[in-house]
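Chain and residue survey
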Amino acid sequence: RMAGERGKEPMAYAKLATRDEVLGPFYIDDRYVKEVDENQNPLKIEVTLGRTPQQGSNREMFDSDFHIGSRMKISKKHAKIYWSHEQKTFEVKSICKNAVKVNGVVYAGSPDGMQGKPATLESQDKIEIADATPLYFLLPKGKAPAAEKPKLTYEQLIVTALEPDKQLTLNELIARIQEKHPYFNDENLQDTATWKGSLRTTLNTKTKVFEKTTKVDSGKKVMYWSLKKDDGTGPAPMDTSANSGTGAGDVSMQSDSMPMGMGGVSLLPAMAAAGVGGVGVPP
């Protein structure tokens, strides 16, 4: 663990903590940098979370970086928190057949431990692994850049979420747009109803681009949206003009992937220098 000044927390890229310090804080620091670029900026940061070995156990079988509890529902290696160089953010995913939960949302594992569904992490996110004490993911104070709006119309947002050949419910569509563009996350907007209402209006009015299909799921009718095919050769052409789609004027910004978490990889060393003081477990 990297030493800091007396009374201050050590320098780190992120921190895992529990309420009332049930578990001691875990710092994601330079020890977990697995790969760097030619300027020594981290490209790969990775820590594993798993079961605490009981007395008399073969400790070599419990080689996770952070032992989070000894209950049997926790796998020996249960989850991985890592820096996504592509997404410019930290993510967590299961590396076993059991799921991981982030802010109450379940992210499935896989039988081979390789295909777990990743979840994007932001500061103060709550991570639940089996029946272990919940963990809170914390980033350095005040260093995360604000997410910017994408320079896309509502129609374009929907098209990029539905490509290629996806069928999504409205809630799934909203979740996919929020995943791609953090600006639209509920915690970033005071008025979430307006843009979601504009999505509904766009879906219902752009009938040459989008089509809805009703399916029966567990005895209930569920509506799915997809891109309309054009004579069987592919999606119908999309109107890419600046004002296409209801409420398009409200969606005017960059189309690049949005800065999330701690920003670009080049910012990570500066984040580490700032330490992680001042960012606590949410009330």
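Let me sum up the structure you'll find in this document. What you see is a predicted model, and the numbers here were worked out from it, not measured in a lab. Chains are numbered independently. Their residues run from 1 in the order of the written sequence. Reporting in this predicted model follows two pLDDT cut-offs: at least 70 for local features of residues, and 80 or more for side-chain atom pairs to be given and counted; totals over whole chains, interfaces and linings ignore these cut-offs and use all residues. By convention in this description, side-chain values take in all heavy atoms of the structure and omit both hydrogens and water.

Observations concerning the pattern of salt bridges
Condition: Throughout this description, the term salt bridge denotes a Lys or Arg side-chain nitrogen within 4 Å of a carboxyl oxygen of Asp or Glu. For helices the rule is a DSSP run of H or I covering at least 4 residues; for strands it is a run of E covering at least 2, with both sets numbered from the N terminus onward.
Per the counting criterion, the structure on display carries five salt bridges. The salt bridge partner of glutamate 46 is lysine 80, with a shortest N-O separation of 3.8 Å. In this pair, glutamate 46 sits in strand β4 (residues 42-50) while lysine 80 sits in strand β6 (residues 79-84), placing the two residues 34 residues apart along the sequence. With a closest N to O distance of 3.5 Å, lysine 206 and glutamate 155 form a salt bridge.

Some thoughts on the nonpolar core
Quick note on the threshold: Only buried Ala, Val, Leu, Ile, Met, Phe, Trp, Tyr and Cys residues count toward a nonpolar core, and they belong to the same one when joined by side-chain atoms within 4.5 Å. Only protein chains enter the accessibility calculation, which uses a 1.4 Å probe; a residue is then buried when its area is under 20% of its type maximum, exposed when over 50%, and partly exposed in between. Contacts are residue-level and defined by heavy atoms, with any inter-residue pair within 4.5 Å sufficient.
Membership of the largest hydrophobic core comes to 30 residues, with the highest contact counts inside it found for Leu49, Ile68, Ile81, Phe90, Ile127 and Phe137. Taken together, the elements giving at least two residues each to this core come down to β1 (14-17), β2 (26-28), β4, β6, β7 (89-94), β8 (100-102), β10 (119-121) and β12 (135-138). Residue contacts for isoleucine 127: discarding those within four places in its chain leaves Leu16, Ile81, Val100, Lys101, Leu121, Pro134, Leu135 and Phe137. Core analysis: the second largest hydrophobic core is formed by 21 residues, Leu162, Ile174, Leu203 and Val209 among them.

Points about the pairing of strand β3 (residues 33-36)
Threshold: DSSP bridges decide pairing: two strands pair if at least two such bridges lie between them.
Bridging between β3 and β4 involves three bridges; their strand directions are antiparallel. Residue valine 36 lies in a different strand from β4, and its bridge partner there is proline 42. From the end of β3 to the start of β4, which pair antiparallel, there are five residues, and glutamine 40 there has a positive phi angle of about 70°.

Topic: the pairing of β6
The element β6 is extensively covered by neighbouring structure, given that six of its six residues are classed as buried. When β4 meets β6, the two strands line up antiparallel, connected through four bridges. The residue bridging valine 47 from the neighbouring strand is isoleucine 81, located in β6. What sits between β6 and β7 in their antiparallel hairpin is a turn of four residues, with lysine 88 showing a positive phi close to 60°.

Quick notes on helix α2 (residues 170-180)
The cut-off we apply is this: Picture the helix axis, draw a direction to every C-beta atom, and the arc is the one those directions span.
Restricting attention to buried positions, one finds in α2 the residues Leu170, Leu173, Ile174, Ile177 and Gln178. Viewed along the axis of α2, the buried residues span an arc of 135°, placing them on a single side of the element. Those residues of α2 that are exposed and aimed more than 90 degrees away from the buried face are Asn171 and Glu179. Check the buried side of α2 and you find it contacts α1 (154-162), α3 (192-205) and β14 (220-227).

Some remarks on the packing of α2 against α3
This is how the line gets drawn: With axes taken as lines fitted to C-alpha atoms, and helix axes fitted only over the stretch in contact, angles between N-to-C directions fall between 0 and 180 degrees. By definition in this entry, angles of less than 35 degrees are roughly parallel, angles greater than 145 are roughly antiparallel, angles of 65 to 115 are roughly perpendicular, and the rest are oblique. Crossing chirality is assigned from the near helix's rotation relative to the far helix, an anticlockwise turn below a right angle marking it left-handed and a clockwise turn marking it right-handed. Amino acids outside the nonpolar list (Ala, Val, Leu, Ile, Met, Phe, Trp, Tyr, Cys, Pro) and the charged list (Asp, Glu, Lys, Arg) are all regarded as polar, and Gly is one of them.
For the pair α2 and α3, the least separation of the axes is 11 Å and the interaxial angle reads 120°. With respect to α3, the element α2 is oriented oblique. For α2 against α3, the interelement crossing comes out right-handed. Here α2 contributes Leu170, Leu173, Ile174, Ile177 and Gln178 to the contact with α3, which in turn contributes Trp195, Lys196, Leu199, Arg200 and Leu203. Taken together, the residues of the contact of α2 with α3 sort by class into seven nonpolar, one polar and two charged.

Concerning the sheet that holds β12
Read across the open sheet, the six strands follow the order β2-β1-β12-β11-β8-β9; overall the sheet is antiparallel. Strands with a single pairing partner mark the edges of an open sheet, and in this sheet they are β2 and β9 (105-107). Taken over all neighbouring pairs, the strand axes of this sheet differ in orientation by 25° on average, direction set aside. As defined by bridge partners, β8 adjoins β9 across three bridges and the pair is classed as antiparallel. Residue pairing across strands places valine 102 opposite valine 105, the latter belonging to β9.

Some points on unusual backbone geometry
For residues besides glycine, phi is generally negative; the peptide bonds are generally trans as well. Even without a glycine there, the phi angle at asparagine 103 is positive, about 55°. With respect to the element layout, asparagine 103 can be found in the loop between β8 and β9. Owing to a relative accessible area of 45%, asparagine 103 belongs among the partly exposed residues under this scheme. Here the phi dihedral of glutamine 124 falls at roughly 75°; this positive angle occurs in a residue that is not glycine.

Examining the packing of aromatic side chains
Any pair of aromatic rings gets described here by the distance separating the centres and the angle formed by the planes. Keep this limit in mind: Under the pairing criterion, centres of Phe, Tyr and Trp rings, with the six-membered ring standing for Trp, must be within 6.5 Å; the plane angle then separates stacked pairs below 30 degrees from edge-to-face pairs above 60, leaving the rest tilted.
Counted according to the given criterion, the structure contains six aromatic pairs. With centroids separated by 4.6 Å and ring planes inclined at 15°, the aromatic side chains of phenylalanine 26 and phenylalanine 66 adopt a geometry described as stacked. Taken together, the residues phenylalanine 26 in strand β2 and phenylalanine 66 in strand β5 (residues 66-67) connect sequence positions 40 residues apart. Neither phenylalanine 26 nor phenylalanine 66 differs from the other in exposure class; each is buried.

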